[in-house]
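These are the residues of each chain, in order.
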Amino acid sequence: MPTVYPIVPGHEIVGRVTKVGSAVARFKPGELAAVGCMVDSDGTCPECRAGFEQFCPNMVLTFNSPDKHLGAVTYGGYSESIVVDQRFVLRVPLNLDPAGAAPLLCAGITTYSPMHRWGVTKGKKVGVVGLGGLGHMAVKFAHALGAHVVVFTTSPNKKEDARRLGADDVVISKNADEMQKHAESFDFILDAVSADHDINAYINLLRRSGNLTIVGAPPQPLAVAAFGLIMRNRNFSGSSIGGVAETQEMVDFCGKHNITADVEVIPIQKVSEAYKRLLKSDVKYRFSIDMASLKSE
């Protein structure tokens, strides 16, 4: 999607309700609320009726989408305020830190949704490939769901942090012997790596009828060996965010298990610095912007 300038990004938003319209019944001023990746859909298509608003052909993204109300495009959460249809506003449990809860609205639902869909529960063996902004959330969710969690990383210095987040085991993916120990043993693997990598090495770790879901976005197509899937009835799939109901379910699950993202809170004035650090992987594991800092501009 081409960017339309000027652009105001931000689609992981937590804040206080300041005003409500006359027809709003679900929220009151002062309540903690959240807005995720989308702010509207047609509500009538088969996808919307099934609870998959994220696949609605008329879905409106939180920023840089055509704005049918005001014209031009939508503007996101890097702002003092945002106006959203109540259907796309989520309740935030009071025990969750707002800064740590904000990334749940994209990184959280992106990792929770495929685990929910593929039945990750107690007793399942789950792999997480890559320990970054998405991967660290996947580890927390899989652990809370009762699974045996194995993290795959190319960085030995991430072993300690992976275990802190809830991993039962950590495998250095460049070590062939370590990889072989887990051959044909996983029920589910979530691949959160956005760089080019050998996807077949992980497909071969799946047990019969296991699933590997990719949520990372490598810039080039990945070569998949068909027989790696065929001979063991394995599944290779992709996943996006969830619909509104599933996202609320995820947030409620986080409230029950006290799950938030690991964040570093920054003022808006440091956003360019944060971007440079992001390119160097110098963040554990998300930046949250305190939008009150806009007032000092």
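About the criteria used
Residues numbered from 1 in each chain as written. Predicted model: local features only at pLDDT ≥ 70, side-chain atom pairs only at ≥ 80, totals over all residues. Heavy atoms only, no water. Phe/Tyr/Trp six-rings, centres within 6.5 Å; stacked < 30°, edge-to-face > 60°. Helix = DSSP H or I, 4+ residues; strand = E, 2+ residues; numbered from the N terminus. Buried < 20%, exposed > 50% of the residue type's maximum accessible area, 1.4 Å probe, protein only. Pairing = 2+ DSSP bridges. Axes fitted to C-alpha atoms, helices over the stretch in contact; angles between N-to-C directions. Contact = heavy atoms within 4.5 Å. Salt bridge = Lys/Arg side-chain N within 4 Å of Asp/Glu carboxyl O.

A word on the packing of aromatic side chains
Turning to step 1, where the next piece is worked out: As enumerated under the stated definition, the model contains 6 aromatic pairs in all.
Turning to step 2, where the next piece is worked out: A ring pair is formed by Tyr112 and Phe141, whose centres lie 5.4 Å apart and whose planes are at 70°; its orientation type is edge-to-face. Of this pair, Tyr112 sits in helix H3 (residues 107-117) while Phe141 sits in helix H4 (residues 135-144), placing them 29 residues apart in sequence.
Turning to step 3, where the next piece is worked out: Phe141 sits in the buried class, given a relative accessible area of 0%.

A look at the sheet that holds strand E1 (residues 13-16)
Hydrogen bonds along the backbone pair up the strands of a sheet, which may run parallel or antiparallel.
Turning to step 1, where the next piece is worked out: Here we have 3 strands laid out as an open sheet, ordered E1-E2-E5, and antiparallel in their pairing. The sheet is open, and its two borders are formed by E1 and strand E5 (89-91), each paired with just one other strand. In this sheet, neighbouring strand axes are inclined to one another by 35° on average, regardless of whether the strands run parallel or antiparallel.
Turning to step 2, where the next piece is worked out: Note that strand E2 (residues 32-35) and E5 share 3 bridges and pair antiparallel. Residue pairing across strands places Val35 opposite Val89, the latter belonging to E5.

What to know about the sheet that holds strand E10 (residues 206-214)
Turning to step 1, where the next piece is worked out: An order of E8-E7-E6-E9-E10-E11 is seen for the 6 strands of this open sheet, with the pairing classed as parallel. Because the sheet does not close on itself, it has two edges, and the strands there are strand E8 (169-172) and strand E11 (235-238). Shown here is a sheet whose adjacent strand axes are inclined to one another by a mean of 20°, direction ignored.
Turning to step 2, where the next piece is worked out: Here 5 bridges tie strand E6 (residues 125-129) to strand E7 (residues 148-153), and the two strands are oriented parallel to one another. Directly across from Val129, in E7, lies its bridge partner Phe152.
Turning to step 3, where the next piece is worked out: Contacts between H3 and the sheet are confined to strand E9 (186-191), E10 and E11, with E9 contributing the most and set at about 160° to the helix.

Notes on the pattern of salt bridges
Turning to step 1, where the next piece is worked out: Going through the model one piece at a time under the given rule, you end up with 14 salt bridges.
Turning to step 2, where the next piece is worked out: As a salt-bridge pair, Asp262 and Lys140 come within 2.5 Å of each other at their nearest N and O atoms. Taken together, the residues span a long stretch of sequence, with Asp262 in the loop between helix H9 (244-257) and strand E12 (263-267) and Lys140 in helix H4 at a distance of 122 residues. In this structure, Asp262 and Lys140 share a single accessibility class: buried.
Turning to step 3, where the next piece is worked out: Between Glu184 and Arg232 there is a salt bridge, with its nearest N and O atoms 3.5 Å apart. Taken together, the positions of Glu184 in the loop between helix H6 (176-180) and E9 and Arg232 in the loop between helix H8 (226-230) and E11 put the pair 48 residues apart, joining distant regions of the chain.
Turning to step 4, where the next piece is worked out: Here Arg232 falls in the partly exposed class, since its relative accessible area comes to 31%.
Turning to step 5, where the next piece is worked out: Three or more residues joined by partner-sharing salt bridges are found here, namely Asp40, Lys68, Asp85 and Arg87.

Remember that the coordinates give geometry; whether it matters functionally is a separate question.
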